Amino acid sequence: MLRYRSPPSLSLRMLSSSSPSLHSLNPNPKLHPTSSIPDSSPNRRLQLFTNPIPNPVGIFQHCNPQSMTLSRCLSGSTNPVPISSLPESDDPDSKALVVVSFYKFADFPDSARLRQPLKQLCEDLRVSGGIILAPEGINGSICGSRESVEKVLEFIQSDERLMGLRRLQSPVSPEDEAIHHGHSSSSPLAAGEDAPFRWDHVRVKLKKEIVTLGMPAVSPTEKVGKYVSPREWNELISDPDTVVIDVRNNYETRIGKFKGAVDPCTKAFREFPSWVEDQFQPSESENGHTETNANSSDGSTKNKPEISKPKTPPRVAMYCTGGIRCEKASSYLLSKGFEEVYHLEGGILKYLEEVPEKESLWEGECFVFDKRVSVEHGLVQGNHKLCYGCKQPVSDADMESPQWEYGVSCPYCYSSKSIEEKERARARQRQFETWGIIGGPDKGRKPDTIKQRPTQLSNSI
């Protein structure tokens, strides 16, 4: 039987915000008290973790997950240097479920070779979540028993290029794991933005970048800003000569940010370079303006000054959710001539975990890419819910708006959605309320299987 320990604050919040059926997939069940909930008995929830691990197949038919190495799985070597074995432990802590977010920028041109063995290992060890592999490194968030997660991380770091992963770990109960959900690639919570979350299975994706700036040439492995610990952060951003920049997107900054921080109001991280170009004067230009040739009304060309922009600030301090976007943003700023560039080590989450609320300069809540939606100081779950129409956080006040319709729209997406899009969203919501799954009970079945049960389907409707 799986044993676990869950943070009291998270468990209490989940109890206070859920309907009597704690394990409902509905993140805000009080709005739909009559929704039909799929079976969520303890035996069903824990089956994922208590089933015996099947014998590895394919590429792993000669590999033991406990002593696996990257070289063995990729080259078939018979005498590899094994990962330090993690023996089975009777310690309850080793069986506790944990979520670990991790990343590492590295020169990793053959990243595609790691995809299949890493995916297979996660499946064998019942580790779920999402991982991105790219020529610039690795980025992921995985969930499983502490013991299994450590085996996966050791396997990843058996490649010396990926040693020293930056990671953030938190415990989670099986109930919370069961109701975690993924986000579609078209939502603002796509995996490229930050740590990817998808808890019903593991996804290992190949991409051009582990965090999408749209500029693969910007490399934190070559140059990166200076890390500042959470304990030293307050002093840095309180200096009047320091310009504090929030590197996150507008749906994140809307619910919380550091006091006095500049909000670029970007919709996606790839817009950050354009914002920098618009806001600051390149360091090469030391004059108050630059000159360009423009056609006058008589057809001749004259030198006309551009609108003056402020010079690069003497000191920049940046922050984001977990630190990964800041690494790339700081590398970009250094390449543009910024001299003193700092960023918060471990991101907002580490700051909220370590800095007492009475000493904190953080205002509001921090958006997170999982079922909690937002967290407060001490990483206690916040008060925001998620609009499934646009995957943006909404407050209690937002849900009082006439533009709010559960599963369909909110004040932030209502005007941008067509009537057809809203009708499709309502249909999806009805499917979920009827069957507990988008697409109905036959989703994923073979066509011949569906034909054999038309009576059952019609009766269920």
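As a convention, each chain's residues are numbered from 1 in the sequence order in which they are written. Note on the predicted model: pLDDT of at least 70 is required for a residue's local features to be given, and 80 or more for side-chain atom pairs to be given and counted; whole-chain, interface and lining totals, by contrast, use all residues. Side-chain calculation: all heavy atoms of the structure are included, whereas hydrogens and water are not.

Student: How would you sum up the overall build of the protein? Please name residues and give values.
Tutor: A count of helices and strands for the protein gives 15 helices and 17 strands. Should any heavy atoms of two residues lie within 4.5 Å, those residues are considered in contact. Within the protein, counting contacts between residues at least 6 apart in sequence, those at least 24 apart form 66% of the total. Per element, the accessible surface of the protein, about 22900 Å² overall, is 50% carbon and sulfur. The numbering of helices and of strands both runs from the N terminus, where a helix is a DSSP run of H or I of at least 4 residues and a strand a run of E of at least 2. Values of accessible area rely on a 1.4 Å probe in the Shrake-Rupley scheme; residue burial ignores everything except the protein chains shown.

Student: Help me get a handle on the sheet that holds strand β7 (residues 242-246), residues and values and all.
Tutor: When DSSP locates at least two bridges between a pair of strands, those strands are taken to pair. Taken in spatial order, the 4 strands line up as β6-β12-β11-β7 in an open sheet, and their pairing is parallel. Across the chains shown, the open sheet's two edge strands, defined by having one partner strand only, are β6 (226-228) and β7. Shown here is a sheet whose adjacent strand axes are inclined to one another by a mean of 30°, direction ignored. Pairing between β7 and strand β11 (residues 315-319): 5 bridges, direction parallel. Following the sheet pairing, Thr-242 is matched in β11 by Arg-315. Here an axis means a line fitted to C-alpha atoms, over the contact stretch when the element is a helix, while the angle between two N-to-C directions is reported on a 0 to 180 degree scale. On top of the sheet, helix α8 (residues 230-238) reaches β6, β7, β11 and β12 (340-344); it is set at about 135° to β11, its chief contact.

Student: Account for helix α6 (residues 146-156), naming residues and giving values.
Tutor: Residue pairs spaced three or four apart in an α-helix point in one direction, given the helix's 3.6 residues per turn. α6 sits mainly inside the fold: 8 of its 11 residues count as buried. Taken as a whole, α6 has its buried residues at Glu-147, Ser-148, Val-149, Lys-151, Val-152, Leu-153, Phe-155 and Ile-156. Here the term buried applies to any residue with accessible area under 20% of the maximum for its type, exposed to any over 50%, and partly exposed to those in between, with areas from a 1.4 Å probe on protein chains only.

Student: Please provide a residue-by-residue account of unusual backbone geometry, values included.
Tutor: The phi angle at Arg-126 is positive, at roughly 60°, despite the residue not being glycine. Residue position: Arg-126 is located in the loop between α5 (115-124) and β2 (128-134). With a phi close to 60°, Cys-265 is a non-glycine residue in the positive phi region. Positionally, Cys-265 belongs in the loop between β8 (256-258) and α10 (272-279).

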